[in-house]
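# Residue-level structural notes
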Amino acid sequence: MKDFQNIGVVLQLAAMLILLIKIVFTRNCSGLSGRTQILHALAFSTRFLDLPDELEVSILFFALKIVYLLIAYMTVAVIFIACRRTYEQEYDAFRIDYLVGACLTAAIITSYKHLDILSILWYFSVYLETFAILPQIFFTRNADYAGSSLVFYVGLLACYRLFDVVHWGYGIWTASLADSLFVVVNGTLQLLIYCGYFSWMVPLFQTRYDHLRDANAMSEVTKVSSDVTSNGIKNTAEY
């Protein structure tokens, strides 16, 4: 069942990388919440504080964590610096300071048995990743539209969490991950949030797509009518 977790990692990295490539090549970040990307970067940063130790254990996992951090921070930089003109700040109004404070408080309470900074920050990263998509959900609600890249991004993240939940569920069933109930609960909650958001986004995207298709069709009809009228006037003049 370890393969399920590996597939989940690949799907998450694919979602992050595809989103970054889309923003870079189109130079457009409309429809995307920069605050959600900040929260993801913060979650990875506080979870991967063991990087020096990881280098001694596994070069592969060390490299993976570096890739996670690079993609996360590059996405934030591209949205707020390179593509700031297309960043729709008026829709991205979720108070992430409240969310960060709530996650930190919950992390301190959860880690009462191990009140050391690394333990608190690890719990904090798990809580923060669970709810990091909330600013994006509020963004979509305010903007009332969802682009294809966002639908694809959230769909991949939902699949990533689904594979993780299957892996964790099997581990608990076989008692090999019996002490990971906290991660399973948060991961399942995150999966439900992704699925709910995805099912809500698809009709929004379909409505926007139909509207654009109808607008293009109307434009073509108008163009053809204009050409016919112009040809008619030209023929009359020649006659």
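These lines cover the structure that appears in this document, whether it is placed above or below. (Residues numbered from 1 in each chain as written. Predicted model: local features only at pLDDT ≥ 70, side-chain atom pairs only at ≥ 80, totals over all residues. Heavy atoms only, no water.)

## So, the pattern of salt bridges
This is how the line gets drawn: Any Lys or Arg side-chain nitrogen located within 4 Å of an Asp or Glu carboxyl oxygen qualifies as a salt bridge. Put simply, DSSP H or I for four residues or longer makes a helix, DSSP E for two residues or longer makes a strand, and each gets a number counted from the N terminus. Note on exposure labels: buried denotes an accessible area under 20% of the residue type's maximum, exposed denotes more than 50%, and partly exposed covers the range between, all computed with a 1.4 Å probe on protein chains only.
Tallying each qualifying case throughout the model produces five salt bridges. Between aspartate 50 and lysine 65 there is a salt bridge; the shortest N-O distance is 3.2 Å. Here lysine 65 lies in helix 4 (residues 59-82) and aspartate 50 lies in the loop between helix 2 (34-47) and helix 3 (51-57), a separation of 15 residues in the sequence. Between aspartate 97 and arginine 95 there is a salt bridge whose closest N-O contact spans 2.7 Å. For aspartate 97, a relative accessible area of 41% corresponds to the partly exposed category. Through salt bridges that share partners, Arg47, Glu129, Arg161 and Asp164 make up one connected network.

## Some thoughts on unusual backbone geometry
It is generally the case that most residues other than glycine have a negative phi and that most peptide bonds are trans. Phi angles above zero are rare outside glycine, and arginine 27 is one such case at about 50°. The class for arginine 27 is exposed, based on a relative accessible area of 60%.

## Some words on the packing of aromatic side chains
By convention here, two paired aromatic rings are described through the distance between centres and the angle between planes. Put simply, the rule is: Pairing of aromatic rings covers Phe, Tyr and the six-membered ring of Trp, with a centre-to-centre limit of 6.5 Å; geometry is then stacked below 30 degrees between planes, edge-to-face above 60, and tilted otherwise.
Within this structure, the stated rule accounts for 12 aromatic pairs. Judged by centre distance (5.8 Å) and plane angle (75°), the rings of tyrosine 91 and phenylalanine 139 are edge-to-face. With tyrosine 91 in the loop between helix 4 and helix 5 (96-110) and phenylalanine 139 in helix 7 (residues 134-143), this residue pair connects regions lying 48 residues apart in the sequence. A relative accessible area of 25% means that tyrosine 91 is categorised as partly exposed. Summarising the aromatic geometry, the rings of tryptophan 122 and tyrosine 123 are spaced 5.2 Å apart at their centres and angled 80° between planes, so their arrangement reads as edge-to-face. Judged by relative accessible area, tyrosine 123 falls into the buried class, the value being 18%.

## Details of helix 5
For the record, the criterion: By definition here, a helix of n residues has an expected span of 1.5 Å times n minus one. The arc in question is the one spanned by the directions pointing from the helix axis to the C-beta atoms. Between two residues, a contact is recorded if the distance between any of their heavy atoms is within 4.5 Å.
When the terminal C-alpha atoms of helix 5 are compared, their 21 Å separation across 15 residues agrees well with the 21 Å that a helix rising 1.5 Å per residue should span. Buried residues of helix 5: Ile96, Leu99, Cys103 and Ala107, and no others. Along the axis of helix 5, the buried residues cluster in a sector spanning 70°; they form a single face. Away from the buried face of helix 5 by more than 90 degrees, exposed residues Tyr98 and Ile109 are located. On its buried face, helix 5 is in contact with helix 2, helix 6 (117-131) and helix 7.

## Looking at the environment of threonine 26
Note the following rule: Counting of polar contacts relies on pairs of N or O atoms within 3.5 Å, with two restrictions inside protein: one atom must be capable of donating a hydrogen and the other of accepting it, and residues adjacent in sequence are counted only when both atoms are side-chain atoms.
Mapping threonine 26 onto the fold places it in helix 1 (residues 2-26). Taking the C-alpha atoms as reference, threonine 26 lies 9.4 Å from cysteine 83; in sequence the two are 57 residues apart. Engagement of the side chain of threonine 26 in a polar contact is seen with the backbone oxygen of lysine 22, the distance being 2.6 Å.

These values are about where atoms sit, not about what they do.
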